[in-house]
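These are the residues of each chain, in order.
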Amino acid sequence: MSGKLQNKVADCNEDALKTTVTEFNEAGYDAFGVKVNVDAVAHFGRIDILVNNAGVGDSMQATANVQDTVWQRVMDINVTGMMRAIRQALPVLIENGGGTIVNMASIAGLTGGRGGLAYTNAKHAVVGMTKNIASHYGPQNIRCNAIAPGHVETGFAAAMTNVNPFGMEQSVRGVSLMPKAGQVSDIANIAYSWHLKILV
């Protein structure tokens, strides 16, 4: 790549999208934003890194209370959407000679008690997907990793409605033992540092 690092930002939340693009531009990066869907190759000519950060919660629905519609939405967005994005990006990354895929997992994907059933299941699937892709495509210079944070200060939890009291009570056990919540910048720095490692 020549010149400034170029970034494509996609988000289903248009206000958040505009804020992110503005922050990139003010930091001196070439960025453009689109709501949900875009052909990044057509815009920039290549893809070097794919960050799969789209995800939804499940209102902490425990197994006895999980609704089919909630289960399906969580799996469609958090797992199937990620798979489809990776499937589209892989041929481009292979043609480029390598690249980076960063998947947003969660502590819920490493433990059994930090989310509702659907969310926990989805994040375990993300962890498995990440391992599979890393194993299969690592020899082609494609790095695939997942970030699995605990509590991060975003609007994610605040956006949940009709929270299941039992599921919430079980999921927050031990949270008070964390010295502090993570910040969005912590996650971004991890993803960016992995990308830099593959470029050098």
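Nothing here was measured: the structure is a model prediction, and the numbers come from that model. (Residues numbered from 1 in each chain as written. Predicted model: local features only at pLDDT ≥ 70, side-chain atom pairs only at ≥ 80, totals over all residues. Heavy atoms only, no water.)

### What about the nonpolar core?
One recurring pattern in soluble globular proteins: nonpolar side chains tend to sit buried together. Applied cut-off: Residues belong to a common nonpolar core when they are buried Ala, Val, Leu, Ile, Met, Phe, Trp, Tyr or Cys residues joined through side-chain atoms within 4.5 Å. Here's how the labels work: a residue is buried when its accessible area is under 20% of the maximum for its type, exposed when over 50%, partly exposed in between, all with a 1.4 Å probe on protein chains only. We count a stretch as a helix when DSSP gives it H or I for four or more residues in a row; a strand needs E for two or more, and each element gets its number in order from the N terminus. Should any heavy atoms of two residues lie within 4.5 Å, those residues are counted as being in contact.
Core analysis: the largest hydrophobic core is formed by 23 residues, its most contacted members being Val74, Ile86, Ile101, Met129 and Ile133. Every element with two or more residues in this core is listed here: helix H3 (68–96), helix H4 (117–137) and strand E5 (142–147). For Ile101, the residues in contact, after removing those within four places along its chain, are Leu50, Asn52, Ile86, Leu90, Leu93, Ile133, Ile142, Arg143, Cys144 and Asn145.

### Here's the deal with the pattern of salt bridges
Our working rule: By convention in these notes, a salt bridge is any Lys or Arg side-chain nitrogen within 4 Å of a carboxyl oxygen on Asp or Glu.
A complete count under the given rule lists one salt bridge for this structure. The salt bridge partner of Asp48 is Arg46, with a shortest N-O separation of 2.7 Å. You can call Asp48 buried: its relative accessible area is 11%. Its relative accessible area of 32% is what places Arg46 among the partly exposed residues.

### Quick notes on the sheet that holds strand E4 (residues 99–104)
Let me state the cut-off plainly: Note: two strands are recorded as paired if DSSP finds a minimum of 2 bridges between them. Helix axes are fitted to C-alpha atoms over the stretch in contact, other axes to C-alpha atoms as well, and angles between N-to-C directions run from 0 to 180 degrees.
With parallel pairing, the three strands of this open sheet are ordered in space as E3-E4-E5. This sheet does not close on itself; its edge strands, each paired only once, are strand E3 (49–52) and E5. Across the sheet, the mean angle separating the axes of adjacent strands is 10° when strand polarity is ignored. In this structure, E3 lies alongside E4, joined through four bridges in parallel fashion. Each residue of the ladder has a partner; that of Ile49, found in E4, is Thr100. Those strands touched by H3 are E3, E4 and E5, and its axis lies near 170° from that of E4. Strands in contact with H4 are E4 and E5; relative to E5, the strand with the most contacts, it is inclined by about 160°.

### Looking at the pairing of E5
The criterion, for reference: By definition, the crossover connecting two strands over a helix is right-handed if that path, from the first strand to the second, turns clockwise as seen with the strands pointing away from the viewer.
The pairing of E4 with E5 spans six bridges and is classified as parallel. Bridge pairing in E5 links Gly99 to Ile142. In this fold, the crossover linking E4 to E5 by way of H4 has right-handed handedness.

### What to know about the packing of H3 against H4
As a reminder of what qualifies: Between 65 and 115 degrees an angle is taken as roughly perpendicular, under 35 as roughly parallel, over 145 as roughly antiparallel, and anywhere else as oblique. In this scheme the handedness of a crossing depends on how the near helix is turned from the far one: anticlockwise by less than a right angle means left-handed, clockwise means right-handed.
Direction vectors running N to C along H3 and H4 enclose 15°, while the axes themselves pass 8 Å from each other. As judged from the angle between their axes, H3 and H4 are roughly parallel. Regarding H3 and H4, the two cross each other, and that crossing is right-handed. Facing Trp71, Val74, Met75, Asn78, Val79, Met82, Met83, Ile86, Leu90 and Ile94 of H3, the residues of H4 in contact are Leu117, Ala118, Tyr119, Asn121, Ala122, Lys123, Ala125, Val126, Met129, Ile133 and Tyr137.

### Here we look at H3
Quick note on the threshold: Expected helix span is taken as 1.5 Å per residue step, with the number of steps being one fewer than the number of residues. Bend, at a single residue, is the angle you get between axes fitted to the 7 residues ending at that residue and the 7 residues starting at it.
Between its first and last C-alpha, H3 extends 41 Å over 29 residues, near the 42 Å set by a 1.5 Å rise per residue. Along its length, H3 reaches its greatest deviation from straightness, about 35°, at Asp76. Of the positions making up H3, those classed as buried are Val70, Val74, Met75, Asn78, Val79, Met82, Ile86, Ala89, Leu90, Val92 and Leu93. Once H3 finishes, Gly97 follows within two positions and takes phi at roughly 95°, a positive value.

### Let's talk about the side chain of Thr130
Condition: Under the rule applied, a polar contact is a pair of N or O atoms within 3.5 Å (in protein, one hydrogen donor and one hydrogen acceptor; residues adjacent in sequence only if both atoms are side-chain atoms).
Following the sequence through the fold, Thr130 ends up in helix H4. At 2.9 Å, the side chain of Thr130 forms a polar contact with the side chain of Asn103. The contacts of Thr130, once residues within four sequence positions are left out, are Asn103, Cys144, Asn145 and Ala146.

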